[in-house]
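Spelled out, the chains give:
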Amino acid sequence: MDDLYREVIVERYKNPGFRGSLNPNDISFEDENPLCGDHLRIELRVDDNGKVSDARYDGHGCAISQASADLLLESIIGKSLDDIKKLNKNNVLELLGIELGPVRLKCALLPLKILKAGVYGLGEATDDLVEEE
Amino acid sequence: MEGINTHDIYKILDKDGIAVRAGHHCAMPLHDRFHLPATTRASYYLYNTKEDVDKLVKSLHRIVKMFNG
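Residues numbered from 1 in each chain as written. Chains lettered and ligands numbered in written order. Predicted model: local features only at pLDDT ≥ 70, side-chain atom pairs only at ≥ 80, totals over all residues. Heavy atoms only, no water.

Student: I keep staring at the interface of chain B and chain A and nothing clicks. Help me out?
Tutor: Interface size is often expressed as the accessible area that is lost when the parts come together. With twelve residues of chain B at the interface, the matching set in chain A holds 13 residues. Carbon and sulfur atoms make up 57% of the area that chain B and chain A hide from each other, which totals about 1200 Å². At the surface where chain B touches chain A, the tally comes to zero salt bridges. Taken together, chain B and chain A are joined by four residue pairs in polar contact (both at pLDDT 80 or more). Elements represented by at least two residues in the side of chain B that touches chain A include exactly α1 (6-15) and α3 (50-68) of chain B. The biggest single contributor to the side of chain B that touches chain A is α1 of chain B, with six residues. Class assignment of the residues belonging to the side of chain B that touches chain A gives a composition of four nonpolar, four polar and four charged. (Contact = heavy atoms within 4.5 Å. Buried area = accessible area lost by both parts, 1.4 Å probe. Salt bridge = Lys/Arg side-chain N within 4 Å of Asp/Glu carboxyl O. Polar contact = N/O pair within 3.5 Å; in protein donor to acceptor, adjacent residues only side chain to side chain. Helix = DSSP H or I, 4+ residues; strand = E, 2+ residues; numbered from the N terminus. Nonpolar A, V, L, I, M, F, W, Y, C, P; charged D, E, K, R; others polar.)

This is the structure we're talking about:
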């Protein structure tokens, strides 16, 4: 089996746990990767203690970007917004457990980029959001 | 190939040693016209053999099984 398409990634893509939308929500942000057409929206609910109580994503794209979104949202439930601000690309690659070339790396990191832009309340999602500090 | 993303198809074909083109093929208005997000295109030429085609079909069947099986 291809490393790039580890069973966990295809399984997540086929049977996502966090696909959908939250209405009402506290944070909502969407963006796309114009090169490949991946489009994603992430919505969060945040409780009184500033922790994520629920999260959903919706959109379309390759298995890598969608599985990355599903795994990422699963990992942030119960985390504080400050914890999310500290996440970088290494956390996502750890969740996916695969080596990625530069093109697919963009797909894998799109969800984190959108998540952090939403949490920071930015107008746009920029690449530096996913880099290590 | 219903329900399978273009970029997943080309990436797995690439791993199998098959070169195709994926995306808009410099023809984005045409894709918009047919409401297609992107397509994968296999082209044949003089140097391709019947075995190459068999290999492509075999890979495509494997991809369908992987995502829809």
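More follows now that the structure is in view.
Student: Sorry, what's going on with the sheet that holds strand β2 (residues 38-46) of chain A here?
Tutor: Backbone hydrogen bonds hold the strands of a sheet together, and the pairing may be parallel or antiparallel. All names here are of chain A. With respect to topology, three strands assemble into an open sheet ordered β1-β2-β3, the strand pairing being antiparallel. Both edges of this open sheet fall to β1 (27-33) and β3 (52-60), since each of them pairs with a single strand only. Pairs of neighbouring strands in the sheet enclose a mean axial angle of 15 degrees, with direction left out of account. In this sheet, β3 lies alongside β2 in antiparallel orientation, the contact comprising eight bridges. Within β3, the residue paired with arginine 41 across the bridge is aspartate 58. Relative to β3, helix α2 (residues 63-76) is tilted by about 175 degrees, and along the sheet it contacts β2 and β3. (Pairing = 2+ DSSP bridges. Axes fitted to C-alpha atoms, helices over the stretch in contact; angles between N-to-C directions.)

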